[in-house]
Amino acid sequence: MNSLGIAQAALVGSSYGRQFTLEIAARWPDRVSAMGLICSALPGHEPSAEPSALGEREEALIEAGDIVGATELMVETWHGPDADETAREAVRQMQRHAFELQLAAAEEFEPVEAVVELAAIQAPCLVLSGAHDLADFRQSPPDCRICSP
């Protein structure tokens, strides 16, 4: 934002992109005018059995070098039964690219999840979850100020 001369912006974070959105909003609250979180659980959320099993399957495929299989697992998970092939192909390309970037980064960097102080966030937030998303994305802690109606 600094290099582009942007003083304040609305941020959108999807899936794990929520981590960056929340971290920026917490560290620099005056720089974020609004937030949108799409299909993402909050930091510290303990996943239920369904996403845990999905993560284990995904990790096993990636460790076996089956990026195509891991990609297809995500395509099938994130699309409902009515999705057309155009939508599936778009997610297929996006997810494969994401896996390739993650694998390349894993070779160079140790993953670190920042601690986000949710109470520091001042921006209003719209939280979205689709009809076919995992139930975890519709759960929030009872004291979550950014997720309360």
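Everything here concerns the structure above.
The rules behind the values
- Residues numbered from 1 in each chain as written.
- Predicted model: local features only at pLDDT ≥ 70, side-chain atom pairs only at ≥ 80, totals over all residues.
- Heavy atoms only, no water.
- Pairing = 2+ DSSP bridges.
- Helix = DSSP H or I, 4+ residues; strand = E, 2+ residues; numbered from the N terminus.
- Axes fitted to C-alpha atoms, helices over the stretch in contact; angles between N-to-C directions.
- Contact = heavy atoms within 4.5 Å.
- Salt bridge = Lys/Arg side-chain N within 4 Å of Asp/Glu carboxyl O.
- Core = buried A, V, L, I, M, F, W, Y, C linked by side-chain atoms within 4.5 Å.
- Buried < 20%, exposed > 50% of the residue type's maximum accessible area, 1.4 Å probe, protein only.
- Patch = residues over 30% accessible without salt bridge, like charges linked within 9 Å, V, L, I, M, F, W, Y side chains within 5 Å.
- Areas by Shrake-Rupley, 256 points an atom, 1.4 Å probe, with all protein chains shown as cover.

Strand order across the open sheet formed by 3 strands is 1-2-3, with parallel pairing between neighbours. With partners counted over all chains shown, the strands left at the sheet margins are strand 1 (9–14) and strand 3 (125–128), one partner each. If you compare each strand with its neighbour and ignore which way they point, the axes differ by 10 degrees on average. Of the pairings in the sheet, the one linking strand 1 to strand 2 (residues 32–38) comprises 6 bridges and is parallel in character. Looking at strand 2, one finds that Gly-13 is bridged to Leu-37. Seen against the sheet, helix 1 (residues 18–27) touches strand 1 and strand 2 and runs at an angle of roughly 155 degrees to strand 2.

The next subject is the pattern of salt bridges. Taken as a whole and judged by the stated rule, the model has 6 salt bridges. The salt bridge partner of Arg-88 is Glu-76, with a shortest N-O separation of 3.3 Å. Of the two residues, Arg-88 sits in helix 4 (residues 85–108) while Glu-76 sits in helix 3 (residues 67–78), which places them 12 residues apart along the sequence. The closest approach of N and O atoms between Glu-100 and Arg-96, which form a salt bridge, is 3.2 Å. Here the residue Glu-100 and the residue Arg-96 both occupy positions in helix 4, the gap between them amounting to 4 residues, near one helical turn.

A general feature of soluble globular proteins is that nonpolar side chains tend to end up buried together. Of all hydrophobic cores here, the largest spans 12 residues; its members are Ala-9, Leu-11, Leu-22, Ala-25, Ala-26, Val-32, Met-35, Leu-37, Leu-42, Val-116, Ile-121 and Ala-123. Secondary structure elements with two or more residues in this core: strand 1, helix 1 and strand 2.

Let us now look at a nonpolar patch on the surface. A contiguous nonpolar patch, built from Met-1, Leu-4 and Ile-6 and spanning about 270 Å² of accessible area, is present on the exposed surface. For Ile-6, the location among the structural elements is in the segment before strand 1. Taking relative accessible area as the criterion, Ile-6 reaches 33% and is therefore assigned partly exposed.

It is worth stressing that arrangement in space is one thing and function is another; only the former is reported here.
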